[in-house]
Amino acid sequence: GIQTEASNQDSSMSCSRSHPGISLPLQQLSDTSMSSKDKEGSTLAVDRAAVRFGAVPSMTGGSGAMSARQSKSGGKKQKKSMIGRILPSNLKQEKRRFFDSKFSVSPQFQYDSPVPENRVKSVHSTTDNLLPQALNILQSVRRKYGGYTGFMERTGGAIMTHSQVVSFWTSYLTSQGLSSTVNIKFRKHMAAPTMVSGKTVIMRFPTNYRIHRMKGTADHEVGTHLLRRLNEAQQPWFKRQEEFGMQRSLVTEEGLACLNTYLERGEKLMFRAAMSYYSVCMAEKNSFVGVWNALKDRKSVV
């Protein structure tokens, strides 16, 4: 059923991960964020690390990475995942400062829980061997659509209303035989617009989905990630991967999920993936401002 609940969350970047039903906030929360004086010692200059973990510059100041949010259960805080740690607590202030400077001053982001250095090093495997392909995609989008805005408007279609999003997910889960298995929730303060946690699909509120891209998102999150998890729960190696000599499947699975995103889309150019890859390559040798300018020159942020 549909569960309507009031939320008193603010900028604490909290998110419930296990409540049933579709959770609809009674009112949109006020946009508050942390002052730079509130978290002494947690200021980090945004450059390579911010882009590497998905904080790619965008006109909306958002992030393209999938995030697991901090939840509160019984008054106890659960640990955030590494991706969940990279959403800055002072994002709105720094976005405003960056825009006011006419894109000339790199933001100084603050994080409630900075990513430990050893975790940073564990994912530092950036290579530029696919840079020619990424550049080819960016050039194709610029030539065919004029840039980011034209691409999104012409290939994505109209932005969906909240009721349309709820209706879509209700129909999609029914078509997959998952209406009684999977829950839908909406939460504010998420780094990514959509993520799967357990048997729950969590979406950022307010929603900002385009009608022709919604199916690809569902095929990515539910058709790949969630169905794999449900299937694996039936296997003899479930929660016994080490005993069976199995390795983690996330890298391969994420690649398949990205491909599934595009299977039913009319335009197969993987523009967002190419833009993220190009951003990471540029971040190896540039500041935030440098990455922004590189994307702007290729009309990937306008």
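As a reminder, the structure under discussion sits directly above these lines.
Residues numbered from 1 in each chain as written. Predicted model: local features only at pLDDT ≥ 70, side-chain atom pairs only at ≥ 80, totals over all residues. Heavy atoms only, no water.

**Remarks on the overall build of the chain**
The cut-off we apply is this: Numbered from the N terminus, helices here are DSSP runs of H or I no shorter than four residues, and strands are runs of E no shorter than two. For every residue, the accessible area (1.4 Å probe, protein chains only) is compared with the maximum for its type, and the residue is labelled buried under 20%, exposed over 50%, or partly exposed between those bounds. A contact between two residues is defined here by any heavy atoms of the two lying within 4.5 Å. Computed with a 1.4 Å probe, the accessible areas rest on the Shrake-Rupley method; for each residue, only the protein chains presented here act as cover.
Helix and strand counts for the chain stand at 10 helices and 9 strands. By residue count, 43% of the 302 residues in the chain fall in the buried class. Put simply, of all contacts in the chain between residues at least 6 apart along the chain, 69% involve residues at least 24 apart. Accessible surface for the chain amounts to roughly 16400 Å². Of this, 52% is attributable to carbon and sulfur atoms.

**Focus: helix H5 (residues 148–156)**
By the burial criterion, the buried members of H5 are Gly150, Phe151, Met152, Thr155 and Gly156. In this structure, the buried residues of H5 make contact with helix H4 (131–145) and helix H9 (271–283). Once H5 finishes, Gly157 follows within two positions and takes phi at roughly 80 degrees, a positive value.

**Remarks on the nonpolar core**
Basically, it comes down to this: Here, nonpolar core refers to any group of buried Ala, Val, Leu, Ile, Met, Phe, Trp, Tyr and Cys residues whose side-chain atoms link them within 4.5 Å.
Trp169, Leu173, Val201 and Met203 are the most contacted members of the largest nonpolar core, which has 20 residues in total. Going through the elements one at a time, helix H6 (162–175), strand E7 (183–187), strand E9 (200–204) and helix H7 (214–232) are the ones with two or more residues in this core. Ranked by residues supplied to this core, first place goes to H6 with 6 residues. In contact with Leu173, other than residues within four places in its own chain, are Leu178, Ser179, Val182, Ile184 and Val222. Leu131, Ala134, Ile137 and Phe271 belong to the second-largest nonpolar core, a separate cluster that totals 19 residues.

**Topic: the packing of aromatic side chains**
Counted only if it meets this: Two rings from Phe, Tyr or Trp (for Trp, the six-membered ring) form a pair when their centres are within 6.5 Å of each other. A pair whose planes differ by under 30 degrees is stacked, one over 60 is edge-to-face, and the rest are tilted. A ring has a charge above it when a Lys NZ or an Arg CZ is no more than 6 Å from the ring centre and no more than 35 degrees off the ring normal.
Counted according to the given criterion, the structure contains 14 aromatic pairs. With a centroid separation of 6.1 Å and an interplanar angle of 70 degrees, the aromatic rings of Phe98 and Phe99 are classed as edge-to-face. The cationic tip of Lys95 hangs over the ring face of Phe99; the distance from NZ or CZ to the ring centre is 5.9 Å. The residue whose ring lies beneath Arg265 is Tyr262, and the NZ or CZ to ring-centre distance is 5.1 Å.

**Section: the pattern of salt bridges**
Basically, it comes down to this: In what follows, salt bridge is the name for a side-chain nitrogen of Lys or Arg lying within 4 Å of a carboxyl oxygen of Asp or Glu.
The full count for this structure, using the stated rule, is 7 salt bridges. Measuring nitrogen to oxygen at the nearest pair gives 3.0 Å for the salt bridge that ties Lys144 to Glu267. Taken together, the residues Lys144 in helix H4 and Glu267 in the loop between helix H8 (250–262) and H9 connect sequence positions 123 residues apart. Looking at Lys144, the relative accessible area reads 48%, which means it is partly exposed. In this structure, the salt-bridge partner of Arg228 is Glu232, at a minimum N-O distance of 2.3 Å. Remark: Glu232 and Arg228 occur in helix H7; sequence separation between them is 4 residues, near one turn of the helix. Accessibility expressed as a relative area gives 29% for Arg228, which makes it partly exposed.

**What to know about the pairing of E7**
For clarity, the threshold we go by: Paired strands, as defined in this entry, are two strands with at least two bridges between them according to DSSP.
Counting buried positions along E7 gives 4 out of 5 residues, so the element sits mostly inside the fold. Two strands pair when backbone bridges link them, and E7 and E9 are joined in this way by 5 bridges, in the parallel orientation. Bridging from a neighbouring strand, Ile184 pairs with Val201 of E9.

**Some remarks on unusual backbone geometry**
Pro206 follows Phe205 through a cis peptide bond whose omega is 0 degrees. The phi dihedral of Lys102 falls on the positive side, at around 60 degrees, and the residue is not glycine. Counting through the fold element by element, Lys102 comes out in the loop between helix H2 (91–100) and strand E6 (108–110). A positive phi angle, near 60 degrees, is found at Lys239, a position not held by glycine. Examined against the element boundaries, Lys239 turns out to sit in the loop between H7 and H8. Relative accessible area serves as the criterion here: at 69%, Lys239 is assigned to the exposed category.

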